[in-house]
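Fold and geometry: a report
This is what each chain is made of:
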Amino acid sequence: MRGGRKRGRHPLALAGLVVLVLDVGVGCSVVEADAAGEIELSTETFDFGTVPNTDPVSETFQVRNVGQGSLEILGVSASCACTTAGVDSRRILPGEATDLTVTYDPQVHDGATGEFMRVVYVRSDDPGTQEAELTVRVNVFEE
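Below you will find a few notes about this structure.

Reading guide: rules and limits
Residues numbered from 1 in each chain as written. Predicted model: local features only at pLDDT ≥ 70, side-chain atom pairs only at ≥ 80, totals over all residues. Heavy atoms only, no water. Phe/Tyr/Trp six-rings, centres within 6.5 Å; stacked < 30°, edge-to-face > 60°. Helix = DSSP H or I, 4+ residues; strand = E, 2+ residues; numbered from the N terminus. Buried < 20%, exposed > 50% of the residue type's maximum accessible area, 1.4 Å probe, protein only. Contact = heavy atoms within 4.5 Å. Polar contact = N/O pair within 3.5 Å; in protein donor to acceptor, adjacent residues only side chain to side chain. Pairing = 2+ DSSP bridges. Axes fitted to C-alpha atoms, helices over the stretch in contact; angles between N-to-C directions.

What follows deals with the packing of aromatic side chains. Here a ring pair, both rings aromatic, is described through the centre-centre distance and the interplanar angle of the planes. What the rule picks out here adds up to 3 aromatic pairs. Centroid distance Phe46 to Phe48: 5.1 Å. Interplanar angle 90°. Geometry classified as edge-to-face. Between Phe46 and Phe61, the ring centres sit 5.2 Å apart and the planes meet at 75°, which makes this aromatic pair edge-to-face. Of this pair, Phe46 sits in strand β2 (residues 45-52) while Phe61 sits in strand β3 (residues 57-65); the two residues are 15 residues apart in sequence, bridging distant segments of the chain. You can call Phe61 buried: its relative accessible area is 6%. Chaining the aromatic ring pairs together yields one cluster made of Phe46, Phe48 and Phe61.

This next bit is on the environment of Ser124. Of note, Ser124 is situated in strand β8 (residues 114-124). Put simply, Ser124 and Ile39 are 85 residues apart on the chain and 7.5 Å apart in space, counted from C-alpha to C-alpha. Beyond its immediate sequence surroundings of up to four residues, Ser124 is in contact with Ile39, Leu71, Glu72, Ile73, Leu74, Thr129 and Gln130. One polar contact links the side chain of Ser124 to the main-chain amide nitrogen of Asp126, over a distance of 3.2 Å.

The strand order across the open sheet built from 4 strands is β1-β3-β7-β5, with neighbouring strands paired in antiparallel fashion. At either margin of the open sheet sits one strand with a lone partner, and together these are β1 (39-41) and β5 (83-87). Each neighbouring strand pair of the sheet contributes to a mean axis angle of 25°, computed without reference to strand direction. Sheet topology note: the β5/strand β7 (residues 97-104) ladder contains 5 bridges and is antiparallel.

Purely geometric stuff here, so don't read any function into it on its own.
What follows is the structure, encoded as structure tokens:
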């Protein structure tokens, strides 16, 4: 050995290889981060039909992610306290779905009768549709 250096690979050659590997890894992460989820509801309208004013009725729908990235459900709400809704999962991977259960309770309005229309709002991080809407109808009769 001369001058205290070991024979073998030059230190800069190894450093160049590491930089190349890191650069490839960072490039892949950027592509994945740019991909967005895209929300799609199995239906935009639903009619519960004619129901008695005594008991709640429920129906389950699908919230699908038809985008290339993951989709985050940020919140679910309804236009009236008589209608509640919730999702089974808040994170949906590309090509997957989660259940959205919607319940209408006529007792919230002290058993009022007639035709009602309510809207369920599903907020997400979809840049194209930040709030998807499901309109539900029901005809309540006195039992």
